[in-house]
Amino acid sequence: MWYNTEASKLLGIQYPILQGPFGGNLSSVELTAAVSNAGGLGGYGAYTMSPQEIFEADKQIKAATNKPYNLNLWVSDSDMHPNGISDEQFNKAKEIFKPYFDEVGIPLPEKPASFQSRFENQLEVILKVRPKVFSFMFGVPSANVLEQCRKSGIVTVGAATTLDEAIFLENAGVDMIIASGFEAGGHRPSFLASAESSLTGSFVLLQLIREKVKIPVIAAGGIANGKGVTAALALGASAAQIGTAFLACDESNALPIHKQMLFSAASKYTTLSRAYTGRVGRGLTSRIAKEILGKEASILPFPLQTTFMSPLRKAALDQEKWDMILFWGGQIAPILKHTKASELMHSLIEETTTYFDRLKA
């Protein structure tokens, strides 16, 4: 059967369908458990969380499902210089973004404090709670950490946006690779070259990686139905990861307006932008993302830009100025149909089975 892949065996799941792990408080225990309980692999993005918060979320997931699930972290969680940002840098950002703060009637924030990486402390929790799957973005953990995961029975999964990154991940000793195409919503997890120069499409990237890499590959980006899953598997993927379609489900922690936008005509237009966080990410096109194009040099480094933009986002939400907000979403959003995770999973499985039966006939 189509679902008996190397990935499904390695991950201990029935169907090689993974739910993308959303960071920034968009993941939920309910969604993670729903996907895992339906035979796929639920995912929980934890890069913004404290070690204690990760521990508590993991405890809740374990109470909601006895099936495998994935916890996700960012290996590199800051682009800041060790000395922080200069007043000159901050003044440039203030000058560019002041009109938007004026529009919503709030003062510009104070210069954000320096950010201390949380990754090492978060890792300790991962090794302690032992999820079946530990996935990571923006690099690869140390050989020692990967070895500890191996000894603990934790499957490691790294994200690649280029063939070079996939080869790097394989050589480092990860178990599986996510081929993250530029169609995908959310941050571009590039780590060997700039995100702007790492924009290969999902199915081209998948084929390139399959030619050069021996470990299982998971296709991600531009997949939201059984046709997409079938195409990914036919091109050599061992599993498909689906983000935007699950983000739009009732069970995700996205705001109701975010979900409404993903099902609206606005979802036809998406943009890659650094304007909201300092790192390149794809979301539904916003006025700010369009107007900041070409002015990226004035944007603060990640995650200080996120901190800087936070009060503007809150005020825009309060005032229902939707065109000022970045709602994460991939290019596939216009074909979304389902609002319940269980219905989406059922549809993915049923459609993929139908298409594979046709291929065999």
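It should be emphasised that the depicted structure is a prediction, and the values quoted were computed from it without experimental measurement. (Residues numbered from 1 in each chain as written. Predicted model: local features only at pLDDT ≥ 70, side-chain atom pairs only at ≥ 80, totals over all residues. Heavy atoms only, no water.)

Enquirer: Explain the environment of K337 to me, using residue names and the numbers behind them.
Expert: Of note, K337 is situated in the loop between helix 13 (304-318) and helix 14 (341-360). You can call K337 exposed: its relative accessible area is 69%. Spatially, the C-alpha atoms of K337 and L199 are 27 Å apart, while their sequence positions differ by 138 residues. (Helix = DSSP H or I, 4+ residues; strand = E, 2+ residues; numbered from the N terminus. Buried < 20%, exposed > 50% of the residue type's maximum accessible area, 1.4 Å probe, protein only.)

Enquirer: Explain the packing of aromatic side chains to me, and be specific about the residues and the numbers.
Expert: For the structure on display, the rule yields 14 aromatic pairs. Note on Y47 and W74: the rings are 3.6 Å apart at their centroids and 10° apart in plane angle, and the pair reads as stacked. Linking Y47 in the loop between strand 2 (42-45) and helix 3 (51-64) with W74 in strand 3 (residues 69-74), this pair joins segments that are 27 residues apart in sequence. For W74, a relative accessible area of 3% gives the class buried. Summarising the aromatic geometry, the rings of F97 and Y100 are spaced 6.3 Å apart at their centres and angled 55° between planes, so their arrangement reads as tilted. Of this pair, F97 and Y100 both sit in helix 4 (residues 87-104), separated by three residues, roughly a single helical turn. Just as F97 is buried, Y100 falls in that class too. Taken together, the ring pairs in this structure connect F90, F97, Y100, F101 and F308 into an aromatic cluster. The lysine or arginine in question, R279, covers the ring of F138, its NZ or CZ lying 4.2 Å from the ring centre. (Phe/Tyr/Trp six-rings, centres within 6.5 Å; stacked < 30°, edge-to-face > 60°. Lys NZ or Arg CZ within 6 Å of the ring centre and 35° of its normal.)

Enquirer: So what's going on with the environment of C149? Which residues, and what values?
Expert: Considering the arrangement of structural elements, one finds C149 in helix 6 (residues 143-151). Along the primary structure C149 and K132 are separated by 17 residues, whereas in three dimensions their C-alpha atoms are 9.7 Å apart. Apart from residues no more than four positions distant in its own chain, C149 is found in contact with L127, F134, I154 and T156. (Contact = heavy atoms within 4.5 Å.)

Enquirer: An account of the sheet that holds strand 10 (residues 270-273) is needed here, citing residue identities and associated values.
Expert: Within a sheet, adjacent strands bond to each other through the backbone by hydrogen bonds, running parallel or antiparallel. Strands sit in the order 7-11-10 across an open sheet of three strands; the sheet is antiparallel. One side of each edge strand has no neighbouring strand; the edge strands of this open sheet are strand 7 (186-187) and strand 10. As defined by bridge partners, strand 10 adjoins strand 11 (residues 281-284) across four bridges and the pair is classed as antiparallel. Residue pairing for strand 11: T270 is matched across the bridge by L284. (Pairing = 2+ DSSP bridges.)

Enquirer: Pulling in residues and values, what's your account of the pattern of salt bridges?
Expert: Taken as a whole, this structure holds 13 salt bridges when the rule is applied. Between D79 and R279 there is a salt bridge, with the nearest N and O atoms lying 2.7 Å from each other. You can see D79 sitting in the loop between strand 3 and helix 4 and its partner R279 sitting in the loop between strand 10 and strand 11, a full 200 residues away along the chain. Residue classification places D79 among the partly exposed positions, given a relative accessible area of 38%. When the shortest N-O distance is used, the salt bridge between D102 and K98 registers 2.8 Å. Linking D102 with K98, this pair stays in helix 4, spanning four residues, or about one helical turn. Each member of the salt-bridge network shares a partner with another, and the members are E103, R287, K321 and D323. (Salt bridge = Lys/Arg side-chain N within 4 Å of Asp/Glu carboxyl O.)

Enquirer: Outline the nonpolar core, supporting the account with residue identities and numerical values.
Expert: The biggest cluster of nonpolar side chains holds 98 residues, and the ones touching the most others in it are F97, F246 and I288. Residue contributions to this core peak at seven residues, all from helix 13. Residues contacting I288, with those up to four places away along its chain left out, are F97, Y100, A275, Y276, M309, L312, D323 and M324. Among the nonpolar cores identified, the runner-up in size contains 19 residues, and L41, I178, A220 and F302 belong to it. (Core = buried A, V, L, I, M, F, W, Y, C linked by side-chain atoms within 4.5 Å.)

Enquirer: Before we move on, could you go through the sheet that holds strand 5 (residues 155-160) and cite the residues and values that matter?
Expert: Judged by pairing direction, the sheet is parallel, and its eight strands sit side by side in the order 1-9-8-6-5-4-3-2 without closing on themselves. Unpaired on one side and paired on the other, strand 1 (17-19) and strand 2 mark the two borders of the sheet. Neighbouring strand axes in the sheet, compared pairwise and without regard to direction, differ in orientation by 25° on average. The pairing of strand 3 with strand 4 (residues 133-137) spans five bridges and is classified as parallel. When the bridges of strand 4 are listed, N70 appears paired with V133. Set on the sheet, helix 8 (residues 202-212) makes contact with strand 5, strand 6 (176-180) and strand 8 (217-220); between it and strand 8 the angle comes to about 170°. (Axes fitted to C-alpha atoms, helices over the stretch in contact; angles between N-to-C directions.)

Enquirer: Describe unusual backbone geometry, with residues and values.
Expert: Along the chain, F302 connects to P303 via a cis peptide bond; the corresponding omega equals 0°. Along the chain, the position of P303 falls in the loop between helix 12 (287-292) and helix 13. Despite not being glycine, N25 has its phi angle at roughly 70°, a positive value. Positive phi is not limited to glycine here, since R130 has a value of about 50°.

Enquirer: Can you explain the side chain of E165? Please cite residues and give values.
Expert: With respect to the secondary-structure elements, E165 resides in helix 7 (residues 163-172). No salt bridge is formed by the buried E165; the nearest opposite charge belongs to R188, separated by 7.2 Å. Polar contacts involving the side chain of E165 include one to the main-chain amide nitrogen of L192, which spans 3.0 Å. The contact partners of E165, leaving out residues within four places of it in the chain, are A160, P189, S190, F191, L192 and A193. (Lys, Arg positive; Asp, Glu negative; His and termini not counted. Polar contact = N/O pair within 3.5 Å; in protein donor to acceptor, adjacent residues only side chain to side chain.)

By themselves these figures say nothing about function.
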